[in-house]
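Chain by chain, the residues run as shown.
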Amino acid sequence: YYYADSIWQFVYKEIDLIPGFDDALAIMNKGTEMDIIIPSELAYGSVGNGIIPPYATIMFSAKLVDIKPPSE
């Protein structure tokens, strides 16, 4: 995966995502914009991650720009 012009490009299910973000992506269609609120049990739970403290609810704003098949 990589960032280009603030667009995160990756092959879905080939990278590890927190369960809440994975769940949100699974229901998004091309062009969908969504504010995603992820409770700690679907994020980083009791351990946290970097600057994200344990038991933190996290929020994302996301837009699914495009869906492409994985490159071969």
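The structure displayed is predicted, hence computed values, not measured ones. (Residues numbered from 1 in each chain as written. Predicted model: local features only at pLDDT ≥ 70, side-chain atom pairs only at ≥ 80, totals over all residues. Heavy atoms only, no water.)

(A) Expanded view of the overall build of the protein. Helix and strand counts for the protein come out as one helix and four strands. Seen in sequence order, the protein has helices and strands lined up from the N terminus as β-β-α-β-β. Classification of the 72 residues of the protein by burial places 25% in the buried group. Within the protein, counting contacts between residues at least 6 apart in sequence, those at least 24 apart form 38% of the total. (Helix = DSSP H or I, 4+ residues; strand = E, 2+ residues; numbered from the N terminus. Buried < 20%, exposed > 50% of the residue type's maximum accessible area, 1.4 Å probe, protein only. Contact = heavy atoms within 4.5 Å.)

(B) Quick peek at helix H1 (residues 19–27). Along H1, the residues classified as buried are Gly20, Phe21, Asp22, Ala24 and Leu25. Taken together, the buried residues of H1 touch strand S2 (7–9), strand S3 (33–38) and strand S4 (58–63).

(C) Spatial organisation of unusual backbone geometry. In this structure, tyrosine 55 is a non-glycine residue whose phi angle is positive, near 60 degrees. Counting through the fold element by element, tyrosine 55 comes out in the loop between S3 and S4. Exposure remark for tyrosine 55: the relative accessible area of 60% places this residue in the exposed category.

(D) Region of the structure containing the side chain of serine 40. Along the polypeptide, serine 40 turns up in the loop between S3 and S4. For serine 40, a relative accessible area of 11% translates into the label buried.

(E) Representation of the packing of aromatic side chains in the model. For the coordinates displayed, the defined rule picks out two aromatic pairs. Geometrically, the ring pair formed by phenylalanine 21 and phenylalanine 60 is tilted, given 5.0 Å between the ring centres and 50 degrees between the ring planes. Of this pair, phenylalanine 21 sits in helix H1 while phenylalanine 60 sits in strand S4, and the two are 39 residues apart along the sequence. Members of the aromatic cluster, joined through ring pairs, are Trp8, Phe21 and Phe60. (Phe/Tyr/Trp six-rings, centres within 6.5 Å; stacked < 30°, edge-to-face > 60°.)

(F) Main features of the nonpolar core. The biggest cluster of nonpolar side chains holds eleven residues, and these are Ile18, Phe21, Ala24, Leu25, Met28, Ile36, Ile38, Ala43, Ile58, Ala62 and Leu64. Sorting the residues of this core by element identifies H1, S3 and S4 as the ones contributing at least two each. The biggest single contributor to this core is H1, with three residues. Ignoring anything within four residues of it in the chain, the contact list for isoleucine 18 reads Ile38, Leu42, Ala43, Tyr44, Ile58 and Phe60. (Core = buried A, V, L, I, M, F, W, Y, C linked by side-chain atoms within 4.5 Å.)

(G) Structural detail: the environment of leucine 64. Considering the arrangement of structural elements, one finds leucine 64 in the segment after S4. In the structure, leucine 64 is positioned 32 residues away from threonine 32 in sequence and 5.5 Å away in space, judged by C-alpha atoms.

(H) A look at the confidence of the model for the protein. Of the residues in the protein, 92% have a pLDDT of 70 or more, and the chain-wide mean is 88. Across the protein, the secondary-structure element scoring lowest on mean pLDDT is strand S1 (residues 2–4), at 65, and the one scoring highest is S3, at 96. (pLDDT = per-residue confidence, 0-100.)

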